[in-house]
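Commentary on secondary and tertiary structure
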Amino acid sequence: MLQQDKQDKLQKVTYQTHGTCSKYICISIDEDGNVQDAQFIGGCDGNTKGVCALIKGMKAKEVIARLKGITCGNKPTSCPDQLATALQEMGY
């Protein structure tokens, strides 16, 4: 589920995750398709902060290519996979 807010040439979305410890991901993408900011609500604090730091400034399509399909333990998804799913649902 996406909640979008286009403001100041940034596309801002809050995505409700499924099947992970995190509950939401807040994402800001600029008009060129670059991730300007991301924040997980819930989940493993250090890991999600690390993912967000690594993807900052990266093209959304590249983030999807790198993170799609990553699993967590025996779960069929993960926080990084849910981030990729959110970006796909945004149209990237």
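See the structure above.
Residues numbered from 1 in each chain as written. Predicted model: local features only at pLDDT ≥ 70, side-chain atom pairs only at ≥ 80, totals over all residues. Heavy atoms only, no water.

This part takes up the pattern of salt bridges. Tallied over the entire structure, the rule returns 3 salt bridges. In this structure, the salt-bridge partner of Asp45 is Lys49, at a minimum N-O distance of 3.1 Å. Here Lys49 and Asp45 lie together in helix α1 (residues 45-55), a separation of 4 residues that amounts to about one turn. Between Glu62 and Arg66 there is a salt bridge whose closest N-O contact spans 2.5 Å. Note that Glu62 and Arg66 are positioned in helix α2 (residues 60-67) at a spacing of 4 residues, about one turn of the helix. In this structure Glu62 comes out as partly exposed when scored by relative accessible area, which is 33%. On the accessibility criterion, Arg66 (55% relative accessible area) is exposed. (Salt bridge = Lys/Arg side-chain N within 4 Å of Asp/Glu carboxyl O. Helix = DSSP H or I, 4+ residues; strand = E, 2+ residues; numbered from the N terminus. Buried < 20%, exposed > 50% of the residue type's maximum accessible area, 1.4 Å probe, protein only.)

What follows concerns the environment of Val35. In this structure, Val35 sits in strand β4 (residues 35-42). A sequence separation of 25 residues divides Val35 from Leu10, and the C-alpha atoms of the two residues are 9.5 Å apart. With residues up to four places along the chain from it excluded, the contact list for Val35 reads Ser28, Ile29, Ile55, Lys56, Gly57, Met58, Ala60 and Val63. (Contact = heavy atoms within 4.5 Å.)

The next point concerns the nonpolar core. With 22 residues, the main nonpolar core has Ile27, Ile55, Val63, Leu83 and Leu87 as its most contacted residues. Those elements that place two or more of their residues in this core are β2 (10-16), β3 (22-30), β4, α1, α2 and α3 (79-89). Broken down by element, the residue count for this core peaks at 5 residues, all from α3. Sequence-distant contacts of Leu87, that is, excluding residues within four places in its chain, are made with Ile27, Ile29, Ala60, Val63, Ile64 and Tyr92. (Core = buried A, V, L, I, M, F, W, Y, C linked by side-chain atoms within 4.5 Å.)

Running from amino to carboxyl end, α2 crosses α3 at an angle of 140°, the nearest separation of the two axes being 9 Å. Considering their axes alone, α2 and α3 lie oblique with respect to each other. Judged by the twist between their axes, the crossing of α2 over α3 is left-handed. Together, Ala60, Val63, Ile64 and Leu67 of α2 and Pro80, Asp81, Leu83, Ala84, Leu87 and Gln88 of α3 make up the contact between the two elements. Among the residues making up the contact of α2 with α3, the classes are represented as 8 nonpolar, 1 polar and 1 charged. (Axes fitted to C-alpha atoms, helices over the stretch in contact; angles between N-to-C directions. Parallel < 35°, antiparallel > 145°, perpendicular 65-115°, else oblique. Left-handed = near helix turned anticlockwise from the far one by under 90°. Nonpolar A, V, L, I, M, F, W, Y, C, P; charged D, E, K, R; others polar.)

Here Thr17 shows up in the loop between β2 and β3. Looking at Thr17, its side chain comes within polar contact range of the main-chain oxygen of Ser22, at 2.5 Å. If we skip the residues at most four places from it in the chain, Thr17 touches Ser22, Lys23, Tyr24, Ile25 and Gln82. (Polar contact = N/O pair within 3.5 Å; in protein donor to acceptor, adjacent residues only side chain to side chain.)

Bringing the layout of surface pockets into the picture now. Put simply, the largest pocket is a space of about 210 Å³. Forming the walls of the largest pocket are 16 residues, and the residues nearest its centre are Cys44, Asn47, Cys72, Cys79 and Pro80. Elements with a contribution of two residues or more to the lining of the largest pocket: α1 and α3. The leading source of residues in the lining of the largest pocket is α1, at 3 residues. (1 Å grid on protein atoms, 1.4 Å probe; cavity = no way out; pocket = protein on both sides within 12 Å on 5 of 7 lines; lining within 4 Å. Points joined across faces, edges and corners; volume = space filled by probe spheres on them.)

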